[in-house]
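Examination of the molecular architecture
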Amino acid sequence: MRIILLGPPGAGKGTQAQNLIRDYGLVQLSTGDMLRAAVKSGSEIGKQAKAVIDSGALVSDEIVIGYVRNRIAQPDCANGYMLDGFPRNLTQAKKLDEMLASQNEQIDKVVELCVNDAALVARIAGRRFHMASGRSYHIEFNPPKIEGKDDETGEPLVQREDDKEDTVEFRLNTYHEQTSPLVEYYGEKGVLGSVDGMGTPDEIYSRIKEALAE
Ligand code: AP5
Ligand code: MG
């Protein structure tokens, strides 16, 4: 199964990806996590990407498409994967289709998480993040077992640099302008499953499972 998790910043893509890893054995390919790892490594790409991420704009298509191209060719992706945060505009979506078509593959399902902007802002404001794994928590809505620590590793949780209020607004605009056209793109292909992303994480996960079973 090859799926795409589509939704605005804070919609719960990363949160729900953890459930899908556990129950479906899918590999999570988050371009945001890949870029943050590049920033942390101090590489040239990472240095360029940091300024763009912190502004809330999109990193160049060339860089993220390169990451995805390399990643989906790895053996652990042979049985399927879920893309989290990619594609993010029509250029990326068309390029992904081309890459898959050349291997006689296609996307089986695009799960769109629908959440209103006010809820997104509240979710992002309280988010705490485990950088190494990409796991996210919320101080109120989804707290870790021990305050400030990752459940699996016990390592400290941090706030993401791009979760500042001004940047969040810009990220939401970027989503509405550049990413939301993908809803129509995948709708026309007949692979879109739009899920109500309001409610508890468990409620939303049940809806995702229903959408995947359709
Ligand atoms: P990326 O890392 O992809 O961030 P994003 O899309 O903005 O999404 P988030 O990770 O912020 O949200 P999420 O949907 O994963 O929500 P989460 O589960 O954490 O991208 C970051 C940047 O990298 C981009 O701005 C761009 O610059 C660059 N980039 C990445 N990919 C790119 C690409 N393809 N092309 C170009 N540039 C790219 O949940 C959020 C919070 O809500 C958490 O605190 C969580 O605990 C809480 N929560 C989750 N579910 C619920 C619920 N049901 N109720 C209440 N709270 C909840
Ligand atoms: Mg995420």
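That block above? That's the structure.
Each chain has its residues counted from 1, following the order in which its sequence is written. Each chain takes a letter, starting from A, and each ligand takes a number, starting from 1, following the order in which they are written. The predicted origin of the model limits local features to residues at a pLDDT of at least 70 and limits the giving and counting of side-chain atom pairs to 80 or more, whereas totals for whole chains, interfaces and linings rest on all residues. Just so you know, side-chain values use all the structure's heavy atoms and leave hydrogens and water out.

1. Brief notes about the pairing of strand β5 (residues 127–130)
For clarity, the threshold we go by: For two strands to be treated as a pair, DSSP must find no fewer than two bridges joining them. For the purposes of this entry, the term helix denotes a DSSP run of H or I that reaches at least four residues, the term strand denotes a run of E that reaches at least two, and both are numbered from the N terminus.
Summarising the sheet, β5 and strand β6 (residues 135–138) pair through four bridges and their orientation is antiparallel. Bridged to F129 within β6 is S136. Between β5 and β6, which pair antiparallel and follow one another directly, the connecting turn spans four residues, one of which, G134, has a positive phi of 85°.

2. A few points about empty space enclosed by the protein
For clarity, the cut-off: Residues are said to line a cavity or pocket when one of their atoms sits within 4 Å of a point; the points come from a 1 Å grid over protein atoms alone, cavities being sets where a 1.4 Å probe fits but cannot get out and pockets being open sets with protein on both sides within 12 Å along at least five of seven lines. Grid points are joined across faces, edges and corners, and a volume is the space filled by probe spheres set on the points.
Overall, the coordinates contain one cavity of 30 Å³ or more when judged by the stated rule. The volume enclosed by the largest cavity comes to roughly 60 Å³. When contributions to the lining of the largest cavity are tallied by element, the ones reaching two or more residues are β1 (2–6) and α7 (165–179).

3. Remarks on the nonpolar core
Side chains of nonpolar character tend, in soluble globular proteins, to be buried together. Here is the rule: As used here, the term nonpolar core means buried Ala, Val, Leu, Ile, Met, Phe, Trp, Tyr and Cys residues forming a set that is joined through side-chain atoms within 4.5 Å. Exposure is judged per residue with a 1.4 Å probe applied to protein chains only, and the accessible area is read against the type maximum: over 50% gives exposed, under 20% gives buried, and values in between give partly exposed. Contacts between residues were defined by any pair of non-hydrogen atoms, one from each residue, lying within 4.5 Å.
Residues I4, L29, Y81, L83, L96 and Y186 are the most contacted members of the largest nonpolar core, which totals 29 residues. Among the elements of the structure, β1, β2 (27–30), α2 (31–41), α3 (44–55), α4 (61–72), β3 (81–84), α5 (90–101) and α8 (181–189) are those that each provide at least two residues to this core. Tallying contributions element by element places α4 first for this core, with five residues. In contact with Y81, not counting residues within four places along its chain, are M1, R2, I3, L26, V27, L29, I72 and L100. In this structure, I3, A11, L20 and A211 belong to the second largest nonpolar core, which totals 21 residues.

Treat this as a map of the structure, not an account of what it does.
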